[in-house]
Structures are given as structure tokens and as C-alpha cells.
Amino acid sequence: MVPFVQTPRISIPKLGLGTWKLAGAEGQAAVESALALGYRHLDTADSYGNEEVVGAAMAASGITRGEIFLTSKVWWNNLAPDAIRRSLEGSLRKLGTTYLDLFLVHWPAPDMDLPAVARTMQAARDEGLVRRWGVSNFPLGLMLRLEEIGAEPACLQVEYHALLSQQRLLDWCRPRGIALTAYSPLARGVLAELPALQEIGRKHGATALQVALAWLLRQEGVVAIPKAARKQSQQANLDAVGLAGKLDAGDVAAIGALPKDRRQVNPDFSPDWNA
Ligand code: NAP
């Protein structure tokens, strides 16, 4: 059973399936496989071009909609209020659902009207089209601006793993009950090669990637959404939930001592991460 992050702002399964690059019949089979294994949290986005595939997998799974936590996102060049609305309606249609559990601004845009964006996201919530809204790839400065205007995002999704610190954002999100969702939680597979993680894994009968995932899952307020196409990897990632409680102080210190500046995702439209 996957535990939840539960705060006054959100209740969200701590482990979800990332679906970037899961496309076509193979992608649908991968999402169906994850649901059959017990995943109940799916992360997609308009920009992934796979919402129809995710929707078809949910329908084929036979699992009732209410049991699945579904996230989608609006792309950064669609942040005018009417464009957000169109993107959301398109996502709902493609996913074959009447609501999202979580709707995220995928990336900030330099010229966005932040109060208008927040108002539009909140209006979608008030209308019941989305249960919660949040943001992704927002640096602390933009989170502060959201708070200044009275906006209440429920989730911040950012790259976070054993080779990238997000301490500043975590320290800010936790007391506010904002869930921090770790994307690329395996650093896109890079972590598999780290001797420190391999060694901890040997001690616990686990892989380096399971150790990396368990390190995230043991943290208060943190959610992780590894992407895995293969059933075996999906199961291994699910099993990392059980490992989370077994890491000891020495393991945590060794992971803490790894370099923390190895960002994997940094496109040219990225904000100033230190803002
Ligand atoms: P990731 O989850 O860190 O890594 C995915 C890679 O790890 C895939 O190549 C996968 O292989 C492999 N893998 C997964 N589990 C494994 C296991 N147990 N053993 C061996 N290999 C394993 O990277 P990601 O896809 O970048 O991030 C995850 C999700 O976060 C995305 O799918 C997306 O939903 C979200 N995301 C959001 C943003 C954003 O801007 N908000 C940006 C990036 C990602 P196979 O698939 O071949 O099995």
C-alpha cells in the first residue's frame, strides 16, 4: 500500500507513475501494467502528447476514476487565461475524464501575468474541473510572489533526487502543507551507477535506484513519480516504498554527502533557479 502525503492542502499518493515518453500501444500497456501492480497516481501533461494513451489505459484497467490520482499540466506558452482554460478542456477530453486531481502550470513563462494565472487555476478548482492546482519548475521567488497575492497552490513539482538539493524549497513548502513532487527522481537512471547507492543497496538487498527512491519517499511532504516502461522496473519502484523505513542514519548521511548540484533537466526556457 502506497502511503499518502496528507496536508490541509492536499492528499496525494507518495509514489506515482511518470508517463513522459510513454506513447502508443506500448505506452498504454505500460500504464495498464502499473495500474494492475497497484499504482494509483499517474503524472501526465499536455506537452507529453500522451493523454489519450493514459486515458485509454485508465479506461481499460477497470479501476474506478475515484481511486486514481491524476495529474496533468498546461504548457508555458498557454498561460493566458483563455489558453489555460482551452488546454485544460483538451486534457480532460483526451484523458476521458470530467476532472483532474491536480492541474499544474508546467513551467513559468517570463511574461506571464501571475495573478491572472492563479485566478484561472483557482476558478477551474471552484468549478470542479480540478480538485487541486499547483505549479512546476517555479523557483522560490515565484512561490513567494504567489503567496503575496494570496494564491494557494497545493503542490510544487520540481526535479529532485539524490544528486540535486531542493532544501530551500522543501523548507518553504513543508510548513505550508504544499506537497513537493520529485520529478526525474532517478536522475533519469544516472543514479544506478553510483557506488555509494550500490553499497547501501547491497546491505538491504536492493538496487541503487531503489535506495535513491526510498531516500525520497522517507521524506515528509515528498512525492516521487519515477517513469518506468517495464513491469519489472515498475514493481521494483513500488517495492522501494517498503525500503523507505529501513534506511538507517548512516545510509541517510552517505546519501546526504553526495554532490547535490547535478541537475538533469534545464531547457533554455528554464527560470533562474536561484531566484
Ligand atoms: P526518471 O523517472 O528519473 O527516470 C526514468 C528512467 O529510469 C527510464 O529510462 C526508466 O527506464 C528508468 N527506470 C525506472 N525505474 C527503473 C528501475 N527500477 N530499474 C532500472 N531502470 C529504471 O526520469 P523522468 O522520466 O525524467 O522523470 C519521471 C517523470 O517526471 C516523467 O515521466 C514525468 O512524468 C515527470 N517530469 C516532469 C517534468 C516537469 O517539468 N514537470 C520534467 C521531467 C519529468 P524504462 O522506462 O525504460 O523502464
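In this report, the structure presented in the accompanying data block is examined. (Residues numbered from 1 in each chain as written. Predicted model: local features only at pLDDT ≥ 70, side-chain atom pairs only at ≥ 80, totals over all residues. Heavy atoms only, no water.)

### Quick look at the environment of Q210
Put simply, the rule is: To qualify as a helix, a DSSP run of H or I must reach at least 4 residues; to qualify as a strand, a run of E must reach at least 2; elements of each kind are numbered from the N terminus. For the exposure calls, accessible area comes from a 1.4 Å probe over protein chains only, and a residue counts as buried if that area is under 20% of its type's maximum, exposed if over 50%, partly exposed in between.
As for its position among the elements, Q210 is in helix α8 (residues 208–217). The exposure class of Q210 is buried, given its relative accessible area of 11%. Remark: the alpha-carbon pair of Q210 and N237, spanning 27 residues in sequence, is separated by 6.2 Å.

### A few points about the layout of surface pockets
Over the atoms rolls a probe the size of a water molecule, and its path tells where empty space is left. Filter applied, for reference: A pocket here means an open set of points on a 1 Å grid, computed over the protein atoms alone, that has protein on both sides within 12 Å along at least five of seven lines. A cavity is instead a set of points where a 1.4 Å probe fits but cannot get out; residues with an atom within 4 Å of a point line either one. Grid points are joined across faces, edges and corners, and a volume is the space filled by probe spheres set on the points. Following the grouping adopted for this structure description, the nonpolar residues are Ala, Val, Leu, Ile, Met, Phe, Trp, Tyr, Cys and Pro, the charged ones are Asp, Glu, Lys and Arg, and the polar ones are all others, Gly among them.
What the largest pocket holds in volume is close to 740 Å³. Every residue lining the largest pocket is counted, 34 residues in all, and those nearest its centre are W20, S184, P185, R188 and K227. Counting only elements with at least two residues in the lining of the largest pocket, the list comes to α8 and α9 (231–243). Take the lining of the largest pocket: its biggest share by element is 3 residues, from α9. Per-class residue counts for the lining of the largest pocket are 15 nonpolar, 13 polar and 6 charged. Size it by volume and the second largest pocket reaches roughly 290 Å³. Every residue lining the second largest pocket is counted, 17 residues in all, and those nearest its centre are F4, P13, R40, E67 and F69. Counting only elements with at least two residues in the lining of the second largest pocket, the list comes to β2 (11–13) and β7 (130–136). Per-class residue counts for the lining of the second largest pocket are 9 nonpolar, 3 polar and 5 charged.

### Overview of helix α2 (residues 51–61)
The condition is simple: Residue contacts are counted whenever heavy atoms from the two residues lie within 4.5 Å of one another.
Within the sequence span of α2, burial applies to E51, V53, V54, G55, A57 and M58. Lining the buried residues of α2 we find α1 (24–37), β4 (41–43), β5 (69–74) and α3 (81–95). In the stretch just after α2, G62 is the one whose phi turns positive, near 75°.

### Topic: the side chain of Q219
For clarity, the cut-off: Polar contact is the term for a pair of N or O atoms within 3.5 Å; when the atoms are in protein, one must be able to donate a hydrogen and the other to accept it, and sequence-neighboring residues count only if both atoms are side-chain atoms.
Following the sequence through the fold, Q219 ends up in the loop between α8 and β10 (222–224). A distance of 2.6 Å separates a polar atom in the side chain of Q219 from a polar atom in the side chain of Y160. Leaving out residues up to four positions away in the same chain, Q219 has contacts with K14, Y160, L170 and R174.

### A few points about the site of the ligand
Test applied: Proximity is defined per residue: any heavy atom of the residue falling within 4 Å of a molecule or strand makes that residue near it. Methods summary: accessible areas were calculated by the Shrake-Rupley approach with a probe of 1.4 Å, and residue burial reflects only the protein chains presented. Throughout, a molecule is located in a cavity or pocket provided that more than half of its atoms lie within 2 Å of its grid points.
The immediate surroundings of the ligand are formed by 27 residues, with D43, S136, S184, R188 and K227 found nearest. Within the side chain of Q157, an N or O atom sits 3.0 Å from a nitrogen atom of the ligand. Backbone polar atom of L186 to an oxygen atom of the ligand: 2.9 Å apart, as the coordinates give it. For the ligand, whose free accessible area comes to 910 Å², the fraction covered by protein is 85%. When atoms are counted within 2 Å of each cavity's grid points, the one that captures over half of the ligand is the largest pocket. Top element by residues in the shell around the ligand is α9. It accounts for 3 residues. Classifying every residue of the shell around the ligand gives 13 nonpolar, 9 polar and 5 charged.

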